[in-house]
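Notes for the structure review
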Amino acid sequence: MKIEKILSQKPKVLSNSQRDSYFKDGYLVLEKFISDEWLDRLWAVTNEFIDESRAYTKSDSKFDLDTGHKPDDPRLRRLTSPVSHHETYWEFASKGPIVDVAEDLLGPDVIFHHSKLNFKWSGGGEEVKWHQDIPFYPHTNYSVLAIGLYMNDVDDEMGPMGAIPGSQNGPIYSHYNEKNEWVGAMPDKEAANLPMETAGWMRGQAGTITIHHCRTVHASMPNNSSRSRPLLINAFSSADALPITSHPAPCKQALNLVRGHPARWAEFDADPCPLPPDWSGGYDSIFAAQQEEEQATIS
Ligand SMILES: O=C(O)CCC(=O)C(=O)O
C-alpha cells in the first residue's frame, strides 16, 4: 500500500511522529512495548523448545543448531517458523499487540508472511551480515516489514540489530557472491561502502520491539556476552503486496490475513527486485547461507 494512503488512516498504537520516523529511517524501536505477561508466555514455550533441542545432533527444518550444541549445553541459532510449532507463537503473531503496529505501518489489511526465533546464543552467537529482506521474498510492492521482539534485555555486547537509516529508499542489492551463488548477504565490496557511521543500533530491555522495512539494510554483530539474545521475528505485508516467488518457509499460517479484508487489487511498484533462487524445494536459514554452509535460504 502506498505510504500516503497508510498515513491517511488513523493509527491504532503509534504516534504520527513514530510513523513518520519509520517511513523516513526505514526502522523503528519501541521500548518495552510488549507486556511481561506476554513475555512470560513466550518464554514458557521457548524453554520447552530449548529442552527439546537437547536431543538433536544436527540441524533440521525446525532447529538450526549452533556450533558446540550438546544435550547438557544447548546452543541454538534459530527455531524456524515458531508459529508452526506452538499455538502461543501464532496467537502472538496473529492477535498480539504487534499486529496493531503492523496495521499502523502497512494499512488496514495485513497478511502474515513468516516467523523465526533467532537466538544468538551467549559466548559467540553468530553475526548476521548486512542484508535486506526483500531479495529473500520479493513481493509486487515494498509494503512489507518485519517486527522483532527482544525476549531478553539487549545491550551493545549482545549483537543488537543495526540498520542504515534511509537505506529503504536506496538500491536493492544482489545477495549472490561472485560465483553467482546465493549467500543471503550483500557483497562485502558493497557493504564496505555503506555509511556505517549512521547505523542505528537497536538496544532495549526485554519486551522492546524492533521494526524494519523489507528494503532496509540491516545486520547484527556476534553475541560475545554471557547472555543469549533471543529475537522473535514476525514478518507481515500489506494485503495488496503479493509474493512473486515460492515462499521460503511455507507453513499453514503463511499468507493468512491477520487484519482487515483480502485485497481485490494487487499494487505494483515499478522498482525492480532481484530474485532469489527457487525455494520450492525447501531451504535452511540465513545463518547457513551467510556462512556458505551447504544450502542457502530465508532471511
Ligand atoms: O537475528 C538478527 O540479529 C537479525 C535477523 C535478521 O536480520 C534476519 O533474520 O533477517
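Provided above is the structure to which this section pertains.
Quick caveat, the model's predicted, so the values are computed rather than measured.

A sheet is described by the order of its strands in space; here four strands give the open sequence S5-S10-S7-S8, paired in antiparallel fashion. Both outer strands of the open sheet, strand S5 (128-131) and strand S8 (200-202), are each paired with one neighbouring strand and no more. In this sheet, adjacent strand axes meet at a mean angle of 20° when their direction is disregarded. Direction of pairing for S5 relative to strand S10 (residues 218-220): antiparallel, over a ladder of two bridges. Looking across to S10, one finds that His131 is bridged to His218.

This part covers unusual backbone geometry. Not every positive phi belongs to a glycine, and Lys32 is a case in point at roughly 50°. Its place among the elements puts Lys32 in the loop between strand S1 (27-30) and helix H3 (36-53). We note that Leu255 has phi near 70°; this positive angle belongs to a residue other than glycine. In this fold, Leu255 is placed in the loop between strand S11 (231-238) and strand S12 (257-259).

Here we take up the pattern of salt bridges. One pass over the structure, following the stated rule, counts 17 salt bridges. A salt bridge links Asp100 to Arg259; the shortest N-O distance between them is 2.8 Å. Residue Asp100 is located in helix H6 (residues 98-106), and its partner Arg259 is located in strand S12; the two are separated by 159 residues in the primary sequence. Taking relative accessible area as the criterion, Arg259 reaches 22% and is therefore assigned partly exposed. Several salt bridges converge on common partners, so that one network encompasses Lys12, Asp100, Glu103 and Arg259.

What follows is about H3. Here H3 is 18 residues long and its end C-alpha atoms lie 25 Å apart, about the 26 Å a rise of 1.5 Å per residue gives. Taken as a whole, H3 has its buried residues at Trp38, Leu39, Leu42, Val45, Thr46, Phe49, Ile50 and Ser53. For H3, the buried positions fall inside an angular range of 150° around the axis, keeping them on one side. When the buried face of H3 is taken as reference, the exposed residues oriented beyond 90 degrees from it are Glu37 and Asp40.

Judged by nonpolar contacts, the single largest core of 46 residues is most densely connected at Tyr89, Ile147, Leu149, Ile209, Ile211 and Phe236. Those residues in contact with Phe236, other than ones at most four positions away along the chain, are Ala93, Ile98, Ala102, Leu106, Val110, Ile111, Phe112, His113, Val144, Leu145, Ile147 and Val258. Listed in part, the 23 residues of the second largest apolar core include Tyr27, Tyr137, Tyr142 and Leu231.

Further remarks concern the packing of aromatic side chains. A full pass over the atoms with the stated rule returns eleven aromatic pairs. Ring plane angle 75° and centroid distance 6.0 Å describe the contact between Phe112 and Phe236, whose orientation is recorded as edge-to-face. Separated by 124 residues along the polypeptide, Phe112 in strand S4 (residues 110-118) and Phe236 in strand S11 bring together distant segments of the chain. Considered together, Phe112 and Phe236 belong to a single accessibility category, that of buried residues. Aromatic side chains Phe136 and Trp182 sit 5.0 Å apart centroid to centroid with 90° between the ring planes, which places their arrangement in the edge-to-face category. Highlighted residues: Phe136 in the loop between S5 and strand S6 (144-150) and Trp182 in the loop between strand S7 (161-163) and helix H7 (188-191), separated in sequence by 46 residues. Among the residues examined, Phe136 registers a relative accessible area of 0% and is labelled buried. Aromatic ring contacts, followed pair by pair, group Phe136, Tyr176, Trp182 and Trp279 into a single cluster. Sitting over the face of the ring of Trp38, Arg41 holds its NZ or CZ atom 4.7 Å from the ring centroid. Sitting over the face of the ring of Tyr142, Arg215 holds its NZ or CZ atom 4.5 Å from the ring centroid.

Here is what the cut-offs are and how they apply
Residues numbered from 1 in each chain as written. Predicted model: local features only at pLDDT ≥ 70, side-chain atom pairs only at ≥ 80, totals over all residues. Heavy atoms only, no water. Pairing = 2+ DSSP bridges. Helix = DSSP H or I, 4+ residues; strand = E, 2+ residues; numbered from the N terminus. Axes fitted to C-alpha atoms, helices over the stretch in contact; angles between N-to-C directions. Salt bridge = Lys/Arg side-chain N within 4 Å of Asp/Glu carboxyl O. Buried < 20%, exposed > 50% of the residue type's maximum accessible area, 1.4 Å probe, protein only. Expected span 1.5 Å × (residues − 1). Arc of directions from axis to C-beta. Core = buried A, V, L, I, M, F, W, Y, C linked by side-chain atoms within 4.5 Å. Contact = heavy atoms within 4.5 Å. Phe/Tyr/Trp six-rings, centres within 6.5 Å; stacked < 30°, edge-to-face > 60°. Lys NZ or Arg CZ within 6 Å of the ring centre and 35° of its normal.

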